[in-house]
Amino acid sequence: MKTAAKVFLVVGMVCLFWAIYPLVLGIIAYKKLDESKDIKEIQTWGIVTLLLVSVVSGIIMLVMKEEDLYDSPAEYAAACQRKAAQQAAAQQPAGQTPYYRGYDDKGGFYDGYGGYYDAAGGFYSPDGKYYPPKSNG
């Protein structure tokens with residue numbers, strides 16, 4: 001989709017070469033398509049492109065997914081892993097030792113804040129209390 005947006009962007013700039021605004025805004029939008037990995041920035045430029053440069057290119061930029069901004073699926077997967085690692089690090093309590101977050105080999109889950117959910121559904125809080133699973137009966 002990124003390539004299609006670029007093609008229609010260039011076609012729109014060629015057709016409107018006599019006007020300054022579409023040419024300048026088209027060049028900026030083209031550069032943003034190359035450089036940016038943030039879909040919100042591309043959607044902003046998609047609105048500008050839709051109104052002032054090329055309708056088709058603007059629509060493509062508005063419906064584009066974030067994975068379309070990356071050159072390969074491996075690059076997108078690596079970016080998603082980096083983003084998930086940053087978010088997990090941000091969730092840790094400030095000034096405290098970060099805890100492990102994830103599943104263990106027994107089916108339990110460490111919540112990243114010192115708590116533990118066992119496989120039966122009970123919860124061990126960081127202060128040592130155990131909360132048994134709730135029954136549906």
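Residues numbered from 1 in each chain as written. Predicted model: local features only at pLDDT ≥ 70, side-chain atom pairs only at ≥ 80, totals over all residues. Heavy atoms only, no water.

> Honestly, the overall build of the protein in this entry has me stumped. Any pointers?
Looking only at helices and strands, the protein features five helices and five strands. In the protein, the order of α-helices and β-strands from amino to carboxyl end is α-α-α-α-α-β-β-β-β-β. Residue pairs in contact within the protein that sit at least 24 positions apart in sequence constitute 34% of those at least 6 positions apart. Accessible surface for the protein amounts to roughly 9,300 Å². Of this, 62% is attributable to carbon and sulfur atoms. (Helix = DSSP H or I, 4+ residues; strand = E, 2+ residues; numbered from the N terminus. Contact = heavy atoms within 4.5 Å. Areas by Shrake-Rupley, 256 points an atom, 1.4 Å probe, with all protein chains shown as cover.)

> Sorry, what's going on with the confidence of the model for the protein here?
Should pLDDT be low for a region, the predicted coordinates there are not to be read in detail. The predicted model of the protein has a mean per-residue pLDDT of 82, with 89% of residues at 70 or higher. Taken element by element, the protein is modelled with least confidence in helix H5 (residues 73–90), mean pLDDT 76, and with most confidence in helix H4 (residues 55–63), mean pLDDT 91. (pLDDT = per-residue confidence, 0-100.)

> Help me understand the sheet that holds strand E2 (residues 109–111) in this model?
Strand pairing in a sheet is mediated by backbone hydrogen bonds. Such pairs are either parallel or antiparallel. In spatial order, the strands read E1-E2-E3-E4-E5; together these five strands make up an open sheet with antiparallel pairing. Of all strands in the sheet, those bounded by a partner on one side alone are strand E1 (101–103) and strand E5 (130–131). Sheet topology note: the strand E3 (residues 116–117)/strand E4 (residues 123–124) ladder contains two bridges and is antiparallel. The partner of tyrosine 117 across the bridge, within E4, is phenylalanine 123. (Pairing = 2+ DSSP bridges.)

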